[in-house]
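# Structure assessment
One-letter residues, chain by chain:
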Amino acid sequence: MATLHTRSAARAMMAPSVLLLLAWMIVPLAMTIYFSFLRYNLLMPGMEEWAGFSNYRYFLTDPAFFQALFNTLAIVVGVLLITVIGGIALAILLDQPMFGQGIVRILVIAPFLIMPTVAALVWKNMFMNPVNGLFAHLAKAVGLQPYDFLNNAPLMSIIVIVAWQWLPFATLILLTALQSLDEEQKEAAQMDGAGAWSRFIYLTLPHLSRAITVVILIQTIFLLSVFAEILVTTNGGPGTQSTNLTFLVYAQALLQFDVGGASAGGIIAVILANIVAFFLMRMIGKTLEA
Amino acid sequence: MGSITLNNVSKVFGAHTVIPSIDLNIEEGEFVVFVGPSGCGKSTLLRLIAGLEDVSGGKIVIDGKDATELAPAKRRLSMVFQSYALYPHMSVRSNIAFPLKMAGEDASVIDKKVADAARVLNLTDYLDRKPRQLSGGQRQRVAIGRAIVRQPVAFLFDEPLSNLDAALRVNMRLEISQLHQQLKTTMVYVTHDQVEAMTMADKIVVLNRGNVEQVGSPLDLYHHPDNLFVAGFIGSPKMNIITGDIAKGYGAHTIGVRPEHLDLSTSAGAWRGTVGVAEHLGSDTFLHVAVDKVGTMTARVGGDFPVRHGDQVYLSPQEGRVHRFDETGLAIR
Ligand SMILES: Nc1ncnc2c1ncn2[C@@H]1O[C@H](COP(=O)(O)OP(=O)(O)OP(=O)(O)O)[C@@H](O)[C@H]1O
Ligand SMILES: [Mg+2]
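The structure presented is a predicted model; accordingly, all values stated were derived computationally and were not measured.

What follows concerns the packing of aromatic side chains. Within this structure, the stated rule accounts for 29 aromatic pairs over all chains. Their ring planes at 40° and their centres at 5.4 Å tell us that A:W166 and A:F222 sit as a pair that is tilted. One end of the pair, A:W166, is in helix α8 (residues 154–179); the other, A:F222, is in helix α10 (residues 196–223), with 56 residues separating them in the sequence. On the basis of relative accessibility, which here comes to 13%, the residue A:W166 falls in the buried class. Aromatic side chains B:F157 and B:Y189 sit 5.6 Å apart centroid to centroid with 40° between the ring planes, which places their arrangement in the tilted category. With B:F157 in strand β7 (residues 154–158) and B:Y189 in strand β8 (residues 186–190), this pair connects stretches of sequence that are 32 residues apart. On the accessibility criterion, B:Y189 (0% relative accessible area) is buried. A cation sits over an aromatic face here: B:R146 above B:Y87, 4.6 Å from the ring centre. Here B:R258 stacks its cationic end above the ring of B:Y222, 4.3 Å away from the centre of that ring.

Below, the discussion takes up the sheet that holds strand β14 (residues 271–280) of chain B. Residue and element names in this part refer to chain B. With antiparallel pairing, the 5 strands of this open sheet are ordered in space as β13-β17-β14-β15-β16. Looking at the sheet topology across the chains shown, the edges are occupied by β13 (262–265) and β16 (295–302). Averaged over all neighbouring strand pairs, the angle between strand axes comes to 40°, with direction disregarded. Direction of pairing for β14 relative to strand β15 (residues 284–291): antiparallel, over a ladder of 7 bridges. Paired with G273 across the bridge in β15 is V291.

Each side of the interface is counted separately: chain B has 23 residues, and chain A has 16 residues. In total, chain B and chain A occlude about 1700 Å² of area from one another, counting both sides; carbon and sulfur atoms represent 62% of this. Contact with chain A buries area across many residues of chain B, yet B:Y87, B:H89 and B:M102 alone supply 29% of it, more than any other trio. Summed over the shared surface of chain B and chain A, the number is 2 salt bridges. A salt bridge links B:R47 to A:E187; its shortest N-O distance comes to 2.7 Å. Between the two partners, chain B and chain A, sit 6 residue pairs in polar contact (both at pLDDT 80 or more).

For the structure shown, the criterion picks out 15 salt bridges over all chains. Between B:D284 and B:R300 there is a salt bridge whose closest N-O contact spans 3.4 Å. Of this pair, B:D284 sits in strand β15 while B:R300 sits in strand β16, and the two are 16 residues apart along the sequence. Overlapping salt bridges, with partners in common, bring together A:E187, B:R47 and B:E53 in one network.

The subject of this paragraph is the packing of helix α4 (residues 101–113) of chain A against α8(A). All names here are of chain A. At a minimum axis distance of 6 Å, the contact between α4 and α8 shows a crossing angle of 135°. Judged by the inter-axis angle, α4 sits oblique to α8. Handedness of the α4/α8 crossing: left-handed. Across the interface between the two elements, R105, V108, I109, P111 and F112 of α4 pack against W164, Q165, W166, P168, F169, T171, L172, L175 and Q179 of α8.

According to UniProt, the "domain: ABC transmembrane type-1" (unreviewed entry) feature falls on residues 69–280 of chain A. Counting secondary structure, residues 69–280 of chain A comes out at 78% helix and 0% strand; the distance between its end C-alpha atoms is 17 Å.

Cut-off values and rules
- Residues numbered from 1 in each chain as written.
- Chains lettered and ligands numbered in written order.
- Predicted model: local features only at pLDDT ≥ 70, side-chain atom pairs only at ≥ 80, totals over all residues.
- Heavy atoms only, no water.
- Phe/Tyr/Trp six-rings, centres within 6.5 Å; stacked < 30°, edge-to-face > 60°.
- Helix = DSSP H or I, 4+ residues; strand = E, 2+ residues; numbered from the N terminus.
- Buried < 20%, exposed > 50% of the residue type's maximum accessible area, 1.4 Å probe, protein only.
- Lys NZ or Arg CZ within 6 Å of the ring centre and 35° of its normal.
- Pairing = 2+ DSSP bridges.
- Axes fitted to C-alpha atoms, helices over the stretch in contact; angles between N-to-C directions.
- Contact = heavy atoms within 4.5 Å.
- Buried area = accessible area lost by both parts, 1.4 Å probe.
- Salt bridge = Lys/Arg side-chain N within 4 Å of Asp/Glu carboxyl O.
- Polar contact = N/O pair within 3.5 Å; in protein donor to acceptor, adjacent residues only side chain to side chain.
- Parallel < 35°, antiparallel > 145°, perpendicular 65-115°, else oblique.
- Left-handed = near helix turned anticlockwise from the far one by under 90°.
- UniProt positions renumbered as here; feature names shortened; annotations may be inferred.

Here it is in structure tokens:
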């Protein structure tokens, strides 16, 4: 397989797709970088001029930027915590033999199949609405004041909604990993006197470490750019309390029509994502090797 | 210490009765081997003793105490699995130390016991490796190490050598026998390899479809099989089984003669036949002979026996070496 001839042939065969992919990625990136150095406002077409780094300066010194940065990380960390811990718990539950296992598994997977906008609207109107929502009814039923989740705890609410959507993904990956745990190892641990908790700590968790890594890596990529859920529920507000970087870029470009500033924000988001990826790989990427 | 008694033990999986009812006595310090054809319930029986399966009926007494309802960890037995079942992400050291750690032993005690076990099993140089960095035989030894540090009342082995190549198997067989002599702990060993059974066992339990066919010492089973099943199962190559008029001549429904108990001659003897295949091993010669009115019989002669395909030979059973069985397959003594 790996003769010189086959390798150069393989390279020639791959070249078109590599070129296509490269163009696919390079062109938008190059254009974004180019725009980020222009003063480019949609309200003043034809007035574009070279702006140097001023777009970056404005974006980085905007007080909303730090709030957005914090919110972005809070969403990533919060959702990861909920989905990984909840996912492990659910996977272990679903792994137990029980009545109606097939149906329960489908039900658990269902949230993943629902579009983010729809899911967010369902949560906003049917659960978290302070007048008609289920939570409000429950609160009233036990004699409490209904709580306006989206106004009083907007970031928390968004974390919960997004976590609800990603929980099935985590559960599914962890469940398949769990099912590949060797039965004899569990029995050996049982004979060695390990109780359920020790078996979980010493056997299950190390066995799941690779799957957990995959869940964290994949989810982080998507969680850095949560958007639809924010748009349809809180619109980034109140104020900028639930604005993340993606939403800030959107607001810059399409609410303030500042394409140059938004492009600068986009590039900053890309750089940040790379920093996060770098640290993630340093921290947990090792488990994927070997 | 270390005796195991099964009273009327049965096991049913759904509608499928795997073990109808077994009574068995394993004495302290004995090396007991379960043999039988595939699917006869050897592993199931071992797992019942270990507590990894619940009995459907009957009683298991370990070390004088009723253990029928006890959790596996409470029975103070150690098991070595066919797949070794080592913990893949732990070092050899942690693997061996695991049962001690679970028992809440002191770190210093654990270190000492692990070091002792490693020395006995020649694992000292590998203590910091992961199981996947070991050879099959070394993994097997780690599994045994993990079993011995707990100082159990009995060891259970489920086909521990079946994943090893032939040469290593002979080695490990010796090592396990030596270990038994050293520790003098009861061992229950499952195998379908009768050489392992014959060489290692103090007592062999022959199982067939969940029933005990015979219990006895290896030579006892070899010389005095209780029935046709045991006669055919123990011994290699298999015993020759003859029915019909020849058997009637011996006053039995069926007779059996082991290949090594047939005298061969090219000139005269009891039964005449034609050599089908002759296997010359140097030390032995195995002849597959098509005997008139009987069918194919196997004969074994020590050393060389210069015959070839198509040659005429005469077979005669040695005096007193003919096993006789009645219509139901039971031995006539
Ligand atoms: N969990 C189970 N559910 C249903 N049937 C089972 C189960 N475990 C074993 N059996 C059945 O019980 C019978 C005995 O199985 P067992 O594993 O004890 O055989 P064995 O003697 O160990 O065979 P082998 O030499 O192939 O390992 C088999 O017919 C098997 O199909
Ligand atoms: Mg078996």
